[in-house]
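An overview of the molecular structure
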Amino acid sequence: MQSFSTIAQMREQVGQWHRDGLRIGFVPTMGNLHAGHFALVELAREHSDKVIASIFVNPTQFGPNEDYGRYPRTPDTDIAGLAGKDCDALFLPSVDEMYPFGTIGCVQMHVPGITDILCGAHRPGHFNGVAQVVSRLFNMVQPDVAVFGRKDYQQLQVIRYMTEEMSFPVRIVAAPTLRETDGLAMSSRNQYLQGDERQVATTVYRTLRAMRDAAAQGTPLRDIEDQATLALQEAGFIVDYAEVRRSDLTRPKLPAEPGLVALIAARLGRTRLIDNLEFDGE
Ligand code: PAF
């Protein structure tokens, strides 16, 4: 696997592959890779001839009191893991390469509406940072296909809107959420969980399934959300939200609509967990 840290090097390689008629698949990550990320690489491979992954812990998507400083950075094991998955290239830009004009006064990217709800309401500016770095990465790497996990459901929708509106020539492919055997969605942040918290964390997926089942029984949406919030609070979570939305994240009128998604964000100790479950209410 080749590694590139500058835009010029990355573009030269991509340019060559494109001239050779090859399709480029891209998996942007913040590193600390686990089986969920490697599944994205495998899915990218199914849609392309060459797969590029990037590792960049993006400062602009973290709030001032969030975990940018302590976000796990494990480049050596990440590189070995990607090489083992036959990833063709790794893009590892520095903060200066990504933000040559700094992170404050630089060009911004804002996707209105969808970024102000759910996680956007609890992490102001987060999705601006995500949209900003993903748009830069698309421009730097120039992929044909990019793969994002459904676990970050709102992020996936933000990136879809942005890609469509900006006419980025990139096809967005969504990958299913990978779970531990007890249902906990895989995430780099799971390693923040201390002692009993790891077991308690399984409440999130259980609650999502209970939300889906309650919708199937026709329980009013407000009651579904109240019951979910209570279940999480009783388990020890501070709940940011537990909501049922349509797949485009607008609010449904009834629990019996097609294409719904239950979404949870909740904090357990120092760990903020997010997860979701898509289902048909019909
Ligand atoms: O999902 C992530 O790991 C990040 O938000 C992303 C898409 C790589 C942007 O920094």
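As the structure is a computational prediction, the values presented were derived from the model and not from experiment.

With respect to the packing of helix H9 (residues 203-216) against helix H10 (residues 221-235)
Put simply, H9 and H10 touch, their axes get as near as 10 Å, and they point 160° apart. Judged by the inter-axis angle, H9 sits roughly antiparallel to H10. Here the hand of the crossing between H9 and H10 comes out right-handed. Between H9, through Thr203, Val204, Thr207, Met211, Ala214 and Ala215, and H10, the contact on the second element is made entirely by Ile224, Ala228, Ala231, Leu232 and Ala235.

Section: the environment of Ser187
Summarising the element assignment, Ser187 is placed in the loop between strand S6 (171-175) and helix H8 (197-200). For the pair Ser187 and Phe127, spaced 60 residues apart in the sequence, the C-alpha separation amounts to 18 Å. Residues in contact with Ser187, not counting those within four places in the same chain, are His34 and Lys151.

Looking at the layout of surface pockets
Space inside the second largest pocket adds up to approximately 190 Å³. Together, 15 residues line the second largest pocket, and Ile55, Phe56, Val57, Arg73 and Leu92 are the ones closest to its centre.

Structural notes on the site of the ligand
If you check the shell around the ligand, you find Pro28, Thr29, Met30, Gln61, Val133, Phe148, Asp152 and Gln155 and nothing else. Between Gln61 and the ligand, the recorded distance is 2.6 Å, taken from a side-chain N or O atom to an oxygen atom. Residue Gln155 places a side-chain N or O atom 2.7 Å away from an oxygen atom belonging to the ligand. Isolated, the ligand exposes 290 Å² of accessible area, and the fraction of that covered by the protein chains is 89%. Counted by class, the shell around the ligand contains four nonpolar, three polar and one charged residues.

Things to note about the packing of aromatic side chains
Per the stated rule, a full pass over the model turns up five aromatic pairs. Between Phe56 and Tyr99, the aromatic rings sit 6.3 Å apart at their centres with planes inclined by 45°, giving tilted as the arrangement. Of the two residues, Phe56 is situated in the loop between strand S3 (50-55) and helix H3 (75-84) and Tyr99 in the loop between helix H4 (95-98) and helix H5 (119-122); the sequence distance between them amounts to 43 residues. When sorted by exposure, Phe56 lands in the same class as Tyr99, which is buried. Geometrically, the ring pair formed by Phe62 and Tyr71 is edge-to-face, given 5.8 Å between the ring centres and 75° between the ring planes. Grouping residues by exposure puts Phe62 and Tyr71 together as buried. In textbook terms, an aromatic cluster arises when at least three aromatic residues are bridged by ring pairs, as seen for Phe62, Tyr68 and Tyr71. One Lys or Arg, Arg73, reaches over the ring of Tyr68 and ends 4.9 Å from the middle of that ring.

Notes on the sheet that holds strand S9 (residues 271-279)
Ordered in space as S7-S8-S9, the three strands form an open sheet in which the pairing is antiparallel. Taken across any chain shown, the strands that pair with only one partner, and hence form the sheet edges, are strand S7 (238-246) and S9. For this sheet, the mean inter-axis angle between neighbouring strands, taken without regard to orientation, is 10°. Contacts from H10 reach S7 and strand S8 (260-268) within the one sheet, and its direction differs from that of S7 by about 150°.

Points about empty space enclosed by the protein
Inspection of the entire model under this criterion finds one cavity of 30 Å³ or more. Estimated volume of the largest cavity: approximately 30 Å³. Lining the largest cavity are Leu184, Ala185, Asn190, Val204, Leu273, Ile274 and Asp275. Counting residues per element, the lining of the largest cavity draws most heavily on S9, which supplies three residues. Grouping the amino acids of the lining of the largest cavity by side-chain chemistry returns five nonpolar, one polar and one charged.

Some details on the side chain of Asn190
The topology assignment puts Asn190 in the loop between S6 and H8. Using a relative accessible area of 11% as the deciding quantity, one classes Asn190 as buried. The contacts of Asn190, once residues within four sequence positions are left out, are Leu184, Ala185 and Leu273.

With respect to the pairing of S9
Counting buried positions over the nine residues of S9 gives seven, a clear majority of the element. Note that S8 and S9 share nine bridges and pair antiparallel. Looking at S9, one finds that Val261 is bridged to Glu278. Hairpin geometry of S8 and S9 is characterised by an intervening segment of two residues between the two adjacent antiparallel strands and by a positive phi of about 60° at Gly269.

Considerations on the sheet that holds strand S5 (residues 145-149)
Judged by pairing direction, the sheet is parallel, and its six strands sit side by side in the order S1-S4-S3-S2-S5-S6 without closing on themselves. The sheet is open, and its two borders are formed by strand S1 (2-4) and S6, each paired with just one other strand. Averaged over all neighbouring strand pairs, the angle between strand axes comes to 25°, with direction disregarded. Inspection of the sheet shows strand S2 (residues 24-29) paired to S5 by two bridges, in the parallel sense.

Conventions used here
Residues numbered from 1 in each chain as written. Predicted model: local features only at pLDDT ≥ 70, side-chain atom pairs only at ≥ 80, totals over all residues. Heavy atoms only, no water. Axes fitted to C-alpha atoms, helices over the stretch in contact; angles between N-to-C directions. Helix = DSSP H or I, 4+ residues; strand = E, 2+ residues; numbered from the N terminus. Parallel < 35°, antiparallel > 145°, perpendicular 65-115°, else oblique. Left-handed = near helix turned anticlockwise from the far one by under 90°. Contact = heavy atoms within 4.5 Å. 1 Å grid on protein atoms, 1.4 Å probe; cavity = no way out; pocket = protein on both sides within 12 Å on 5 of 7 lines; lining within 4 Å. Points joined across faces, edges and corners; volume = space filled by probe spheres on them. Near = heavy atom within 4 Å. Polar contact = N/O pair within 3.5 Å; in protein donor to acceptor, adjacent residues only side chain to side chain. Areas by Shrake-Rupley, 256 points an atom, 1.4 Å probe, with all protein chains shown as cover. Nonpolar A, V, L, I, M, F, W, Y, C, P; charged D, E, K, R; others polar. Phe/Tyr/Trp six-rings, centres within 6.5 Å; stacked < 30°, edge-to-face > 60°. Buried < 20%, exposed > 50% of the residue type's maximum accessible area, 1.4 Å probe, protein only. Lys NZ or Arg CZ within 6 Å of the ring centre and 35° of its normal. Pairing = 2+ DSSP bridges.

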